[in-house]
Amino acid sequence: MIERLGLVTTQLPTTGSSVMALLVVVLPLLLGVLGAACRPKRSWPAVLASLLALLPLLTLTPLVVSQGTQAWVLELGGLMLHWRANGLTLLLLLLTQLLVLASAAYAPAYLRVAVQAQGRGPAWLWPLMGLLAASLSLIWLAADLFTLYIGLELMGLSAVGLMLLPGREDALAAGMRYLLLALIGSLAFLLGVALLLGAWGRLDLAGLAETVEAGPVLWVAMALLSAGLLLKAAAFPLHAWLAPVHGSAWTPVSALHAALVIKASFFIALQLWLVFAPQAAVAAWVVGGMGAAAVVWGGLLAWRVDKLKDVVAWSTVSQLGYLLIAFPLLIGTAPAVASIAWDGVWLQLLAHSLAKAAMFLAVGNLMLATGESRVSGLAGASRRFPLALLSFGIAAISLVGLPPSAGFTAKWLLLHAALAAGQWPWLLVLAVGTLLSAAYVFRVFRYSFVEDVELEDYRPVPLRMDLIALILAVASLVLGLAATWPLALLEITGGGP
C-alpha cells in the first residue's frame, strides 16, 4: 500500500514539474484574492478563473500517467517538505478543481438571488474559497506530517470562515461550535505528530514507514491522530456538529464542504493507518464498526428529519460510514482483498462527492424557489421545478447505489472485497444502508409529487443554477459507466502505470 499511496518512487523531479506542483497549490489562492477585488457578478469570469487554475494540473497529468509517481522535496528554512503526485493524487486534485469550478459558477447567481447582502460577506467568499482549494490541494500532495498539518489547519480555518459568512445568529453559533471542535481535532493531531517526531525524529511518511516500531508510543500517537481526524471528518459518533453547520451555510459552501472537506480528513486518516499500522486488524474492525453505526444512524436520521438540508447532511454522515468500512477491508487483509477494497473506497469517495454536491445545489434551488426549508413544504414542487428534482433524483441513484452509477460500482467492489475477506457483517450493513438511502430519497419525492396543493408564492431560480446541479448529478452517474478510467489511474505507482 505504500507504493499505491505514491510514497515510493524512483522518478527524479524536473524543474517544470516542480513549478506545476507549486502552481496547483498557489494559483487557486491568487485567483481567490483577485475574486475578492473584482467580485464577479456573472458566472463566466468565475468559470474562466477556475479553468485557469486547472491548467497546471492538466500539464502535470501526462507526466504522471507516462512516468509514474512524481515526488518533490522542498526546503523551507530548516524544514524539508515532501510532496508527491500519483494517480490517486491526480483524481483528488481534479475532483477538487471541478467542484470548486461548479461552486464558483453557481455562486454569482446565488449571491444575487438568495443573499442580496450589501455587507462584506459575499466579498470574503472568493478568497476563502481559493484558500480552501489551495489547502485541499496541499493535503492531496503532501507526503510528510508537517505539510499535512499545515494543510489541515488552513482547510479548517477557511471552512469555518465560509460557514460564518451568512452572519446570522444561527450561523455564528454553528460556526463557532465547528471552530471549537476543529481546534480540538487539530490539537489531538498535533500531539500525535509531536509523539512521532519525538520518538523517531522525522516527519516524512516514507521514512517513518521504515522506522516506526509497534509499541505504546505508536499506539498513543495513532489514537490521537485518528481521534482528531475522525472528529474533523464527522465520523460517528463525532458527527453532532455537521447538520447544524450545513443548516445555516450558503448552498455553494455546503456543496464544497460535504463533497471535499470531510473527505480530506478521511484521506489523511486512512493514509496514516496504511503507513503506520498496516496489520492492526482489530483496531480497524473498531473503525469499521463506527462506519456501520454511521450508515444505520445517519440513514435513520435522514429519513426522519423534516428540514431539507438536514436530510442531505445526515445522508453525508451515513455515506461516510461506507468509507470507514474500508478500514477493516484494507488493514490486515490479503493483498487481493485489499486491492479490490482500494478501488472501491476511492470510487465511492469520488461518486459521493459528485452526488452530494449535486444534491446540496438541487436542494438549495428548491428551497430558494419554494421558500420552504421543510420536506413537507415541497408539495406541488414537481410541477414547477422538475429540473431541480431531476438533479436530486439522478444524484440519488448514485447515493442509493443503483446501476449504472458510480455509487453502484463502488459498493459492488466493497461487497466483493467483503465476500473475499469473509467479513460478512459488512454485507448486512451495505444492504441496510441501501434500503435506508432509498427510504429518505423517496420521502422527498413523495412530498414533491403531492398535486392537490396550490403553490402561490414561488420564484424560479436562474436556469444556470439548475444546470450546474444537473451536470454534477449526471457526472456521478456517468462515472459509473466510465469507471475503468479512474480505476486505471489508481494503479499508477512509483515505476509507472
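Each chain carries its own residue numbering, running from 1 in the written order of its sequence. Only residues with pLDDT of at least 70 get local features here, since the model is predicted, and only at 80 or more are side-chain atom pairs given and counted; chain-wide, interface and lining totals rely on the full set of residues. Processing note: side-chain calculations cover all non-hydrogen atoms of the structure and skip hydrogens and water entirely.

Caption draft 1: Region of the structure containing the pairing of strand 1 (residues 70-76). Here 7 bridges tie strand 1 to strand 2 (residues 79-85), and the two strands are oriented antiparallel to one another. Across the sheet, L74 pairs through a bridge with L81, a residue of strand 2. For two strands to count as paired, DSSP must find a minimum of two bridges between them. Put simply, DSSP H or I for four residues or longer makes a helix, DSSP E for two residues or longer makes a strand, and each gets a number counted from the N terminus. Linkage of strand 1 to strand 2, two consecutive antiparallel strands, is achieved through a turn of 2 residues, within which G77 is found at a positive phi near 65°.

Caption draft 2: Local environment of the UniProt feature "domain: NADH:quinone oxidoreductase/Mrp antiporter transmembrane" (unreviewed entry) in the protein chain. UniProt positions are given in the numbering used here, feature names are shortened, and annotations may be inferred rather than shown by experiment. Sequence positions flagged by UniProt for "domain: NADH:quinone oxidoreductase/Mrp antiporter transmembrane" (unreviewed entry) are, in local numbering, residues 142-436. Annotation note: span residues 142-436, helix share 81%, strand share 0%, distance between end C-alpha atoms 36 Å.

Caption draft 3: Spotlight on a nonpolar patch on the surface. Taken together, the side chains of V296, W297, L300 and W303 present a nonpolar region at the surface, about 330 Å² in accessible area. Among the structural elements, L300 can be located in helix 11 (residues 281-304). Note on classification: 1.4 Å probe, protein chains only; a residue is buried when its accessible area is under 20% of the maximum for its type, exposed when over 50%, partly exposed between these limits. Here L300 falls in the partly exposed class, since its relative accessible area comes to 30%. Patch membership requires more than 30% relative accessible area and the absence of a salt bridge. Residues of like charge join within 9 Å; the nonpolar side chains Val, Leu, Ile, Met, Phe, Trp and Tyr join within 5 Å. Areas reported as accessible are Shrake-Rupley estimates using a 1.4 Å probe. Residue values count occlusion only from the protein chains shown. For this document, the term salt bridge refers to a Lys or Arg side-chain nitrogen within 4 Å of an Asp or Glu carboxyl oxygen.

Caption draft 4: Inspection of the nonpolar core at higher detail. By convention a nonpolar core is built from buried Ala, Val, Leu, Ile, Met, Phe, Trp, Tyr and Cys residues, the set being connected through side-chain atoms within 4.5 Å. Grouped together as the largest cluster of nonpolar side chains are 193 residues, with contacts concentrated most on L125, L145, F189, F276 and W346. Ranked by the residues each element gives to this core, the list is headed by helix 13 (residues 335-370), at 23 residues. Dropping the residues within four chain positions of it, W346 is found in contact with L88, F266, F267, L270 and L490. When checking whether two residues touch, look at their non-hydrogen atoms; a contact exists if any pair is within 4.5 Å.

Caption draft 5: Here's a closer look at the packing of aromatic side chains. Any Phe, Tyr or Trp ring, taking Trp's six-membered ring, that has another such ring centre within 6.5 Å forms a pair; planes under 30 degrees apart are called stacked, those over 60 apart edge-to-face, and the others tilted. Tallying each qualifying case throughout the model produces 13 aromatic pairs. For the ring pair Y149 and F189, a centre distance of 6.3 Å and an interplane angle of 5° mean the geometry is stacked. In this pair, Y149 sits in helix 5 (residues 145-164) while F189 sits in helix 6 (residues 169-200), placing the two residues 40 residues apart along the sequence. Consider the rings of F408 and W412, whose centres lie 6.3 Å apart with planes at 25°: the pair is stacked. Note that F408 and W412 are positioned in helix 16 (residues 406-421) at a spacing of 4 residues, about one turn of the helix. Taken together, the ring pairs connect W140, F266, F267, W273, F327, W342 and W346 into an aromatic cluster. Note that R304 overlies the ring of W303, its terminal NZ or CZ placed 5.6 Å from the centroid. Over a ring means this: the NZ of a Lys or the CZ of an Arg is within 6 Å of the ring centre and within 35 degrees of the ring normal.

Caption draft 6: Up close: unusual backbone geometry. A cis amide bond links F236 with the next residue in sequence, P237, at an omega value of 5°. Within the secondary structure layout, P237 lies in the loop between helix 8 (216-232) and helix 9 (242-248). A cis amide bond, omega 5°, links P403 with the succeeding residue P404. Relative to the elements of secondary structure, P404 occurs in the loop between helix 15 (386-400) and helix 16. The phi torsion at A234 lies on the positive side, around 60°, for a residue other than glycine. On the secondary structure map, A234 appears in the loop between helix 8 and helix 9. Judged by its relative accessible area of 1%, A234 falls in the buried class.

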